[in-house]
Amino acid sequence: MQLELISDAQRPQPVFRTPQEFIHVRHSITLVQYKLWLLLIRRYRELFEQTGRALVDGEPCYISTSTLAERLGYEPKTSELKRDLEQIRIEPLHYNLLEKDGSPAMVGAGFISEWFVSSSRVGVIFPKLIRRSIESLDSYSSIFHIFNWSIFNSYSGKYDALVYKLCKDYVGVQRTPYFTLEQYRDYMGIAATEYTEFKRLNQWVISGPVKKINESEISDVAVSVNFKTQGRKVLGLWFSVAQKDQLALSAESSGAFSEAQIKISAQLQMEYLRDRAPEAVALSIQRANEYVASKREEGASPNIGAIYRRAITDDWGADLQARLQQEEQKPSTPVDKSLPPANGIGKGDRLKSLQEDFLRKKTSDAIKALTLEEKVALVHQFAADSDKHSISSFAPEKGEFKDTIERANFGAWQRRKLRVTAIDPAEFEAWRQEARR
């Protein structure tokens, strides 16, 4: 039996838990490959939470390519997925390198055992040690890392992302372990022939990433580097880490949570408000409260915090707003009870998932339908949008970026720019019937 997530089209959770030993691995694979692997791990954790059943030996875990595109911020090419998955498969997994849980560093056969790629989904088979770690996140002995995917994924430079990840995991003790230069190079996956001069190592792998982290508008940590020296020679280093002071919420923003039935921390409120406008958050909470009330009427004791998270990340407020507008415009129109309610409850959960699939497809179709001239114009808009956007590898005659990172950044920007948010009911119903949904 092959297991898949119940709702594969859900928006990504901005924060998720990752097994501690898989945060501190030897980073001999690329950043894109590591991100892909983390998303596959998260995929299995979602599956395990939703079904309560563990995968058995040789059983694949699948993730759709549309979900990968949503979470990576760009649509990966099939050829690149195959290349990256094969590299993840053959590369030895050196994990728990910092021995933070008291267990020794380990070496596994590979990050994954097998992989499968089609036009619509990716499947992988995890080694047993990885499956067991993912399944045991709730055990009393589990040490886990609260991983903010939105922040981590915002870093396009490998060493920027890895220094952020390392420092984030030690923010509680305000400093990382001490590394000799050789240990640090090994942790970062730097070959003996790379950055042989300390000046270049410092520029690209140490102080440069620290600067990027501190300049980031969304980073939740502030970092500084400390060197141990002997004369003029640098022997090793460690990072000092501090949680960035959270900005006070404006009255308008905090008012988005005025109808919440539980206390929501300021930090979590800011996390929600990074992705949603205050009005959208307020509507999602209002819709979630209706859902909570319906579950209580059924005799259940719903997890309100989890429901709020899902409601806000899945934008339940959009459905509520559409319903209210429809009621205002057509108060006398009878409701067709043969159709499932578009409200994110019960059968509406399935409908909501289909609507998200439909909107994602419409967005992808809009991108694919661009002419070369339109795409070139978008690239120029992308460059003008921020001086941090690089288009140096863009080939106008082909309408493509040669550099993977530049293509990823543009892809994420392009999907936000062209995102389709409105659903034509007749078109949606025709699409659903054609797909036999």
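The shown structure was predicted, so the numbers you read here are calculated from the model rather than taken from an experiment.

1. As for the sheet that holds strand β10 (residues 233–243)
- With antiparallel pairing, the three strands of this open sheet are ordered in space as β8-β10-β9. Of all strands in the sheet, those with a lone pairing partner are β8 (179–180) and β9 (221–230), marking the two edges.
- The pairing of β9 with β10 spans ten bridges and is classified as antiparallel. If you follow V221 over to β10, its bridge partner there is Q243.

2. Topic: the pattern of salt bridges
- Summed over the entire model, instances satisfying the criterion amount to 15 salt bridges.
- Measuring nitrogen to oxygen at the nearest pair gives 3.2 Å for the salt bridge that ties D84 to R83.
- Assessed through its relative accessible area of 47%, R83 is described here as partly exposed.
- E298 is the partner of K295 in a salt bridge, and the nearest nitrogen-oxygen pair spans 3.3 Å.
- In this structure K295 comes out as partly exposed when scored by relative accessible area, which is 25%.
- Through salt bridges with shared partners, one network takes in R42, E46 and R71.

3. Some thoughts on the nonpolar core
- Formed by 61 residues in total, the largest nonpolar core has its most connected members in W37, F126, Y184, M188 and F239.
- With twelve residues, the top contributor of residues to this core is helix α1 (residues 31–51).

4. Brief notes about the environment of Y291
- If you trace the backbone, Y291 turns up in helix α11 (residues 278–297).
- Note on Y291: relative accessible area 16%, which makes it buried.
- Spatially, the C-alpha atoms of Y291 and P302 are 9.2 Å apart, while their sequence positions differ by eleven residues.

5. Section: the packing of aromatic side chains
- Inspection of every chain in the model, using the stated rule, returns 15 aromatic pairs.
- When the ring of Y34 is compared with that of W37, the centres are 6.2 Å apart and the planes differ by 35 degrees; the resulting orientation is tilted. Of this pair, Y34 and W37 both sit in helix α1, separated by three residues, roughly a single helical turn.
- According to the relative accessible area criterion, Y34 is buried, its value standing at 1%.
- With centroids separated by 5.5 Å and ring planes inclined at 85 degrees, the aromatic side chains of Y291 and W316 adopt a geometry described as edge-to-face. Taken together, the residues Y291 in helix α11 and W316 in helix α13 (residues 316–329) connect sequence positions 25 residues apart.
- Its relative accessible area of 1% is what places W316 among the buried residues.
- One aromatic cluster in this structure is built from Y34, W37, F111 and F152.
- Of note, K35 hangs over the ring of F152, and the distance from its end group to the ring centre comes to 5.9 Å.

6. A short note on the sheet that holds strand β6 (residues 121–125)
- Read from one edge of the open sheet, three strands run β2-β6-β5, paired in antiparallel fashion. Of all strands in the sheet, those with a lone pairing partner are β2 (61–64) and β5 (114–117), marking the two edges. Averaged over all pairs of adjacent strands, the angle between their axes in this sheet comes to 15 degrees, without regard to strand direction.
- Each of β2 and β6 touches helix α2 (residues 65–72); the most contacted strand, β2, lies at about 65 degrees to it.

7. Here's the deal with helix α17 (residues 425–434)
- Along α17, the residues that are buried comprise F428, W431 and R432. Angular distribution of buried residues about the axis of α17 spans 100 degrees; they occupy a single face of the element. When the buried face of α17 is taken as reference, the exposed residues oriented beyond 90 degrees from it are A426, Q433 and E434.
- With a side-chain oxygen lying 3.0 Å from the backbone nitrogen of A426, the N-terminal cap of α17 falls on D424.

8. Side note on unusual backbone geometry
- Positive phi values are uncommon outside glycine, yet Q174 reaches one of about 70 degrees.
- With respect to the helices and strands, Q174 occurs in the loop between α6 (158–169) and β8.
- Classification of Q174 by relative accessible area gives exposed; the value is 53%.

9. Let's talk about the pairing of β6
- Of all five residues that make up β6, four are buried, and the element is covered over most of its length.
- One ladder, built from four bridges, connects β2 with β6; its direction is antiparallel. If you follow C61 over to β6, its bridge partner there is V124.
- For β5 and β6, the ladder comprises four bridges, and the chain directions are antiparallel. Bridge assignment links E114 to a residue of β6, and that residue is I125.
- Joining the antiparallel neighbours β5 and β6 is a turn of three residues.

Cut-offs and rules
Residues numbered from 1 in each chain as written. Predicted model: local features only at pLDDT ≥ 70, side-chain atom pairs only at ≥ 80, totals over all residues. Heavy atoms only, no water. Pairing = 2+ DSSP bridges. Helix = DSSP H or I, 4+ residues; strand = E, 2+ residues; numbered from the N terminus. Salt bridge = Lys/Arg side-chain N within 4 Å of Asp/Glu carboxyl O. Buried < 20%, exposed > 50% of the residue type's maximum accessible area, 1.4 Å probe, protein only. Core = buried A, V, L, I, M, F, W, Y, C linked by side-chain atoms within 4.5 Å. Phe/Tyr/Trp six-rings, centres within 6.5 Å; stacked < 30°, edge-to-face > 60°. Lys NZ or Arg CZ within 6 Å of the ring centre and 35° of its normal. Axes fitted to C-alpha atoms, helices over the stretch in contact; angles between N-to-C directions. Contact = heavy atoms within 4.5 Å. Arc of directions from axis to C-beta. Polar contact = N/O pair within 3.5 Å; in protein donor to acceptor, adjacent residues only side chain to side chain.

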